[in-house]
Amino acid sequence: MARLKLLLSNRNLIFLLALGLGLLSPQAVPVARHLVLPALALAMVLSTLDVGDDLFLRPRTLLFPALMGILMSYVLHGNVIIGLSTLLIADEAIWTGFVLLAAVPPAIAVIPFSGFLRGNSQFSLLGTVGAYLGALAIMPLIALTLLRSATFDPFRLILIILELVVLPLAVSRLLIRKGWKERIFPLRGPVTNWCFFLVLYALVGLNREMILGRTTVLFPIVAITFLSMFVLGLLIDWVSGLFHLPRDTRTSLVLLGTLKNQGVAGGLALTLFGQEAALPAAVSTMVMIVYIIWLDFKKRWD
């Protein structure tokens, strides 16, 4: 029983289980897909318990992380994705999917993953919020420039910010003031892990047929996602190390510069351009699972 309990609390095993079940047993996906937003919101509540109220009383400290979020997610990561896809992808629909992936803000998971990987949670929170606010102008600009499409609903992005950033942050403030933080802490890790199990299982399961049915075109897509996560992440960590940044801040910069919101990108692709355009977001989700597990192991070596 103790061994089973240990296995069920192992984050890497949980993520791999989500990947395997999403591909091999997607029967629960119709239910799981409706639990994705609540699961992400709950993970955000638990992850932001470490963020003190005093952070928001120092406006000058907010600007730099917010600007770095925009820089890492768009100026760096977005351009790398677009550049690689222009070189390696001939299919217009798949290239469109990569442009959408470059256009979306960082994954909401950047904030809870910062907690997993001992990053700077406050820096990650402010960087993510900054990138989401910047996305209100950057996303339609990319769509108009590269896709020649003005079909963008900023209201949808505002709702995402409210549901997955503002509301969880407000709930976490309430829990802290009620004195429940210490009671919740022992359960925070396991609950967060299983929240991400639901999210990853749903994302992989929803795209299962497309992933398994298009194996011949997967190699360049996997190559781009590998280079824009693993290799770019190593470069960000190396360069930030040259500037003698603290390890926790370097970890946050790596996450902000390598993780995109595949759920938003896939949803836009399916809605506006069709199933094939959603393939980069689906493959990126699978590569992200392996990438986070690798970062977890790398954290132990550093």
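You'll find the structure just up there.
The structure presented is a predicted model; accordingly, all values stated were derived computationally and were not measured.

## As for the overall build of the protein
Per the secondary structure count, the protein includes 15 helices and zero strands. A globule of 302 residues ought to have a C-alpha radius of gyration of about 19 Å, and the protein, at 18 Å, matches this closely. Each principal axis of the C-alpha atoms in the protein carries an extent, and together these give about 55 × 50 × 40 Å. Relative to its full complement of 302 residues, the protein shows a buried share of 53%. Of all intrachain contacts in the protein linking residues separated by at least 6 positions in sequence, the fraction that spans at least 24 positions is 86%.

## Here's the deal with the nonpolar core
One finds Phe-15, Phe-113, Leu-259 and Ile-292 to be the most contacted residues of the largest nonpolar core, which totals 91 residues. Considering each element in turn, this core owes the most residues, twelve residues, to helix 15 (residues 279-301). When neighbours within four sequence positions are excluded, Leu-259 is seen to be in contact with His-77, Pro-106, Ala-107, Val-110, Phe-113, Met-288, Tyr-291 and Ile-292. The next biggest cluster of nonpolar side chains, apart from the first, holds five residues, and it includes Val-45, Leu-49, Leu-175 and Ile-184.

## Concerning the pattern of salt bridges
Per the counting criterion, the structure on display carries five salt bridges. Ionic pairing is found between Arg-11 and Asp-296, a salt bridge with its closest N-O pair at 3.1 Å. Taken together, the residues span a long stretch of sequence, with Arg-11 in helix 2 (residues 11-24) and Asp-296 in helix 15 at a distance of 285 residues. Like Arg-11, the residue Asp-296 is buried in the burial classification. One salt bridge connects Asp-237 with Arg-247, and the closest N-O pair in it is separated by 3.0 Å. One end of the pair, Asp-237, is in helix 12 (residues 218-242); the other, Arg-247, is in helix 13 (residues 247-256), and ten residues separate them in sequence. Residue classification places Asp-237 among the buried residues on the basis of a relative accessible area of 10%. What makes Arg-247 partly exposed here is its relative accessible area of 36%. Linked by salt bridges that have partners in common, Asp-237, Arg-247, Arg-250 and Lys-298 make up one network.

## Concerning the layout of surface pockets
Each pocket or cavity is described by its volume, and for the largest pocket that value is around 870 Å³. In terms of lining, the largest pocket is formed by 35 residues, of which the most central are Val-36, Leu-203, Asn-261, Gly-263 and Val-264. Those elements that provide at least two residues to the lining of the largest pocket are helix 4 (36-47), helix 9 (154-177), helix 10 (181-206), helix 14 (262-272) and helix 15. Split into classes, the residues belonging to the lining of the largest pocket amount to 22 nonpolar, nine polar and four charged.

## Some thoughts on the side chain of Ser-73
Looking at where Ser-73 falls in the secondary structure, it is placed in helix 5 (residues 59-88). If we ignore the near neighbours within four places in the chain, the residues touching Ser-73 are Gly-78, Val-104, Pro-105, Pro-106, Ala-131, Leu-256 and Lys-260.

## Here's the deal with the packing of aromatic side chains
Evaluation of the coordinates by the stated rule reveals eleven aromatic pairs. Judged by centre distance (6.2 Å) and plane angle (70 degrees), the rings of Phe-64 and Phe-123 are edge-to-face. Here the residue Phe-64 occupies a position in helix 5, and Phe-123 occupies one in helix 8 (residues 121-147), the gap between them amounting to 59 residues. Among the residues examined, Phe-64 registers a relative accessible area of 51% and is labelled exposed. Owing to a relative accessible area of 8%, Phe-123 belongs among the buried residues under this scheme. Measuring from centroid to centroid gives 5.4 Å for Phe-230 and Trp-294, while their planes differ by 55 degrees, and the two rings are tilted. Here the residue Phe-230 occupies a position in helix 12, and Trp-294 occupies one in helix 15, the gap between them amounting to 64 residues. Take Phe-230: its relative accessible area is 10%, and that puts it in the buried class. Joined through ring pairs, the aromatic side chains of Phe-15, Phe-113, Phe-116 and Phe-196 make up one cluster. Cation over ring: Arg-11 sits above Phe-116, and NZ or CZ is 4.3 Å from the ring centre.

Reading guide: rules and limits
- Residues numbered from 1 in each chain as written.
- Predicted model: local features only at pLDDT ≥ 70, side-chain atom pairs only at ≥ 80, totals over all residues.
- Heavy atoms only, no water.
- Helix = DSSP H or I, 4+ residues; strand = E, 2+ residues; numbered from the N terminus.
- Rg over C-alpha atoms; globule rule 2.2 N^0.38 Å.
- Buried < 20%, exposed > 50% of the residue type's maximum accessible area, 1.4 Å probe, protein only.
- Contact = heavy atoms within 4.5 Å.
- Core = buried A, V, L, I, M, F, W, Y, C linked by side-chain atoms within 4.5 Å.
- Salt bridge = Lys/Arg side-chain N within 4 Å of Asp/Glu carboxyl O.
- 1 Å grid on protein atoms, 1.4 Å probe; cavity = no way out; pocket = protein on both sides within 12 Å on 5 of 7 lines; lining within 4 Å.
- Points joined across faces, edges and corners; volume = space filled by probe spheres on them.
- Nonpolar A, V, L, I, M, F, W, Y, C, P; charged D, E, K, R; others polar.
- Phe/Tyr/Trp six-rings, centres within 6.5 Å; stacked < 30°, edge-to-face > 60°.
- Lys NZ or Arg CZ within 6 Å of the ring centre and 35° of its normal.

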